[in-house]
Amino acid sequence: MFSQQLEKNILEEIDSRRIMEYARFITSEDRESGSPGEKRAAEFFREKMEEFGLDVDIHYVENYISLPVSASLNLQDGDALRSCITHSYGASTESDGLTGEAVFASEEMEISGKIAVMRGLASAIPCKELENRGAIGIICITSGDYPYNMSISPIWGHPVPSTIGMLPKIPVVTVNNPDGENLLTHLKNGASRVKIHAEVSTKFRTVPVCIATLKALKQTERFVMFGGHIDSWHKGGADNGGSNAIILELARVFSKHVQDLNVNIRFVWWSGHSNGRYSGSNWYADTYWEDIHDNAVVNFDIDTVGAKGSNNFDHIECNKQLYALGRSVVKERTGQDPQYMRIQRNGDQSFWAHGVPTLFECLSLQPFTKAGKGTFMPGLPWYWHTTQDLFEQLGEEELLRDAQIYAAAICRTTANNVYPFSFGELAAEMLTDLKKHQEIADKKFDLGELSQLVEELGDRFKKLDAEIVQLNSVATLNTEMASRAALLNDLSMELNRVLIPIHYCKNGDLFQVDLAVPIPAFPEFCDLEKLAELSPSSDEFKFLERQLIRERNRVFHFLKKAHRLLEAAGF
């Protein structure tokens, strides 16, 4: 049975003063990808992890990194909008800048050959859409007093020949809200000529990928990952210095309890999160594909935690089979009952093709009434991705609370008899997702057999979940029980390998990488909306229908495989 005393000891041993000390050191320098400040932090990781007795590997690798250098925006009367910045992977202008007519890019506006102005974050999809409409440059207006730094590449991680052409080909700059309103006033008054300058340095750079492994005394190759990105915009206090400090502190605490662990823990710092579009975790995913696929149990991701005033646990980002675990620890530590949020295609989620589920990402948020406006997600602080994200934004009490939440979840995963997954909730989610696709397809495409398979999976999953709970309630397993627990752990691993790729990956080839754009559930069926608009007698319909049949076959095949796995285990 899982030891409540073990968890209590671990939580009590977490030292908030150490976390603050680590965070102060990490955030004392800028940490763009490949920068001296990032390397200094990486070597601090090595020093501390070796001090705690962990096996440490700092991989210094070449990744395609993009760093904003400088930007400016001048209005027709020559006035400069001083908040102007440019973005990772945007194009550079010529040395004398780009001059042209600026227009607000409404849907009906002709923007070909013009500089498009838009409200909102400089992100990959809207910027690419404006480029495809013929814009020669883009000016984004963010909501706050500081412009938000962004990466605008749609490519996940390292570009390859089939994706390199997707990089932006036009310059993109951003101004804050006051400067944006000034710009819009000038445009309304007919002063539409502007001049933008952008310099972006995009090239291969050497960056650190930091891995430290805490080995359980029990002989096992399996591990959980716990980590987040070390590179940051500017000093990166909340994003992501506090998270990095928590990783160090939990490594120190868990290193005292290796005799209680059934699973190894890999503590990781990724580089290239923003400046490399998740290229650090992508490098690790590509380089150690088989090891991750065979042995990774859970990915605990940590990003933007511990900010002062962060007391909002409105939701948990995760794969559904981990929601019950996350919900329980958050309720116990905060008294709040968070909702489920399907984990999104961001935040170094480089391991879906491997079949590795994730628990948590951005954990504690600001009260919605005090949060920043126009950030990537409601509840992020106003200083997110700006020069104002400093060490002083971190709260010691908040960091301790968030560290304890992660520690409890990791402890219950690594020290239980059976991995604490809850697959029944996953079946319910999958069935809802398929019904939504069926509603879109109407009667032009049938997903009925898939829905029936998922319903039947749900019945089997309930029995599996009940046995997981039962075995985790046993204090000491006899030989037969231990054998059964090992079988259920193997089964859970295999179910994740089968179900996560079809539920989350658009690319059917698991060794290729999906783009860094939103991916809906069962992305195999994204084209059903297009099919529903076509005439069944048209060639286009018949071509697309055949493609969707192949996708349906793939999903059916893996759902059947899940059934066979469960049946072989007696469910």
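Keep in mind that what you see is a predicted model, and the values were worked out from it rather than measured. (Residues numbered from 1 in each chain as written. Predicted model: local features only at pLDDT ≥ 70, side-chain atom pairs only at ≥ 80, totals over all residues. Heavy atoms only, no water.)

Asker: Any details on the overall build of the protein? Residues and values, ideally.
Answerer: Along its length, the protein carries 15 helices and 13 strands. For the protein, whose C-alpha radius of gyration is 25 Å, the value lies close to the compact-globule estimate of 25 Å for 571 residues. Based on the C-alpha atoms only, the size of the protein along its principal axes is roughly 80 × 70 × 40 Å. A burial count over the protein gives 60% of its 571 residues as buried. Contacts in the protein between residues at least 24 apart in sequence constitute 80% of all its contacts with a sequence separation of at least 6. For the protein, the exposed surface amounts to about 22600 Å²; the carbon and sulfur share of it is 49%. Averaged over its 58 positive side-chain charges, the protein has a centre that lies 2 Å from the centre of its 79 negative ones. (Helix = DSSP H or I, 4+ residues; strand = E, 2+ residues; numbered from the N terminus. Rg over C-alpha atoms; globule rule 2.2 N^0.38 Å. Buried < 20%, exposed > 50% of the residue type's maximum accessible area, 1.4 Å probe, protein only. Contact = heavy atoms within 4.5 Å. Areas by Shrake-Rupley, 256 points an atom, 1.4 Å probe, with all protein chains shown as cover. Lys, Arg positive; Asp, Glu negative; His and termini not counted. Charge placed at Lys NZ, Arg CZ, Asp CG, Glu CD.)

Asker: How would you summarise the packing of helix 2 (residues 16-26) against helix 10 (residues 396-415) if you had to cite specific residues and measurements?
Answerer: When two helices pack together, their arrangement is given by the angle between the helix axes and the distance between those axes. Taken N-terminus to C-terminus, the directions of helix 2 and helix 10 make an angle of 110°; their axes are 9 Å apart at the nearest point. Here helix 2 lies roughly perpendicular to helix 10, going by the angle between them. On the side of helix 2, the interface is formed by Ser16, Arg17, Ile19 and Met20, while helix 10 contributes Glu396, Leu399, Leu400 and Ala403. Residue composition of the contact of helix 2 with helix 10, grouped by class: five nonpolar, one polar and two charged. (Axes fitted to C-alpha atoms, helices over the stretch in contact; angles between N-to-C directions. Parallel < 35°, antiparallel > 145°, perpendicular 65-115°, else oblique. Nonpolar A, V, L, I, M, F, W, Y, C, P; charged D, E, K, R; others polar.)

Asker: Report on the pattern of salt bridges, specifying residues and quantitative values.
Answerer: Inspection of the entire model under this criterion finds 21 salt bridges. A salt bridge links glutamate 7 to arginine 412; the nearest nitrogen and oxygen atoms lie 2.7 Å apart. Taken together, the residues glutamate 7 in helix 1 (residues 4-13) and arginine 412 in helix 10 connect sequence positions 405 residues apart. Arginine 412 shares its class with glutamate 7; the two are buried. With a shortest N-O distance of 3.7 Å, arginine 18 and aspartate 15 are connected by a salt bridge. Classification of aspartate 15 as buried rests on a relative accessible area of 17%. A network of salt bridges, in which partner residues are shared, links Glu7, Glu332 and Arg412. (Salt bridge = Lys/Arg side-chain N within 4 Å of Asp/Glu carboxyl O.)

Asker: Before we move on, could you go through the nonpolar core and cite the residues and values that matter?
Answerer: Of all hydrophobic cores here, the largest spans 112 residues; its most connected members are Met49, Leu250, Phe254 and Phe267. In terms of residue count, helix 10 provides more of this core than any other element does, ten residues in total. If near-sequence neighbours (up to four positions away) are discounted, phenylalanine 267 is found in contact with Phe45, Met49, Leu54, Cys210, Ile211, Ala212, Leu214, Phe226, Ile247, Leu250, Ala251 and Phe254. Ala135, Cys140, Cys362 and Leu365 belong to the second-largest nonpolar core, a separate cluster that totals 22 residues. (Core = buried A, V, L, I, M, F, W, Y, C linked by side-chain atoms within 4.5 Å.)

Asker: Quick rundown of helix 1? Include the residues and the values.
Answerer: Every buried residue of helix 1 is listed here: Leu6, Glu7, Ile10 and Leu11. Around the axis of helix 1, the buried residues are gathered within 130° of arc, so they sit on the same side. Away from its buried face, by an angle of more than 90 degrees, helix 1 presents the exposed residues Gln4 and Glu12. (Arc of directions from axis to C-beta.)

Asker: Just give me the short version of the pairing of strand 11 (residues 315-318), but keep the residues and values in it.
Answerer: Neither face of strand 11 is exposed, since His315 and Glu317 on one face and Ile316 and Cys318 on the opposite face are all buried. Relative to strand 12 (residues 339-342), strand 11 runs parallel, the two being bridged by four bridges. Paired with histidine 315 across the bridge in strand 12 is glutamine 339. (Pairing = 2+ DSSP bridges.)

Asker: Kindly report on the packing of aromatic side chains, identifying the contributing residues and their values.
Answerer: Applying the stated criterion across every chain, the model contains 22 aromatic pairs. Between the aromatic rings of tyrosine 148 and tryptophan 384, the centroid separation amounts to 5.4 Å while the plane-to-plane angle is 55°, which identifies the pairing as tilted. One end of the pair, tyrosine 148, is in the loop between strand 5 (137-141) and strand 6 (172-175); the other, tryptophan 384, is in the loop between strand 13 (358-359) and helix 10, and 236 residues separate them in sequence. Both residues of the pair, tyrosine 148 and tryptophan 384, belong to the buried class. Aromatic pair tryptophan 352 and tyrosine 504: ring centres 4.8 Å apart, planes at 55°, arrangement tilted. Taken together, the positions of tryptophan 352 in the loop between strand 12 and strand 13 and tyrosine 504 in helix 13 (residues 479-504) put the pair 152 residues apart, joining distant regions of the chain. (Phe/Tyr/Trp six-rings, centres within 6.5 Å; stacked < 30°, edge-to-face > 60°.)

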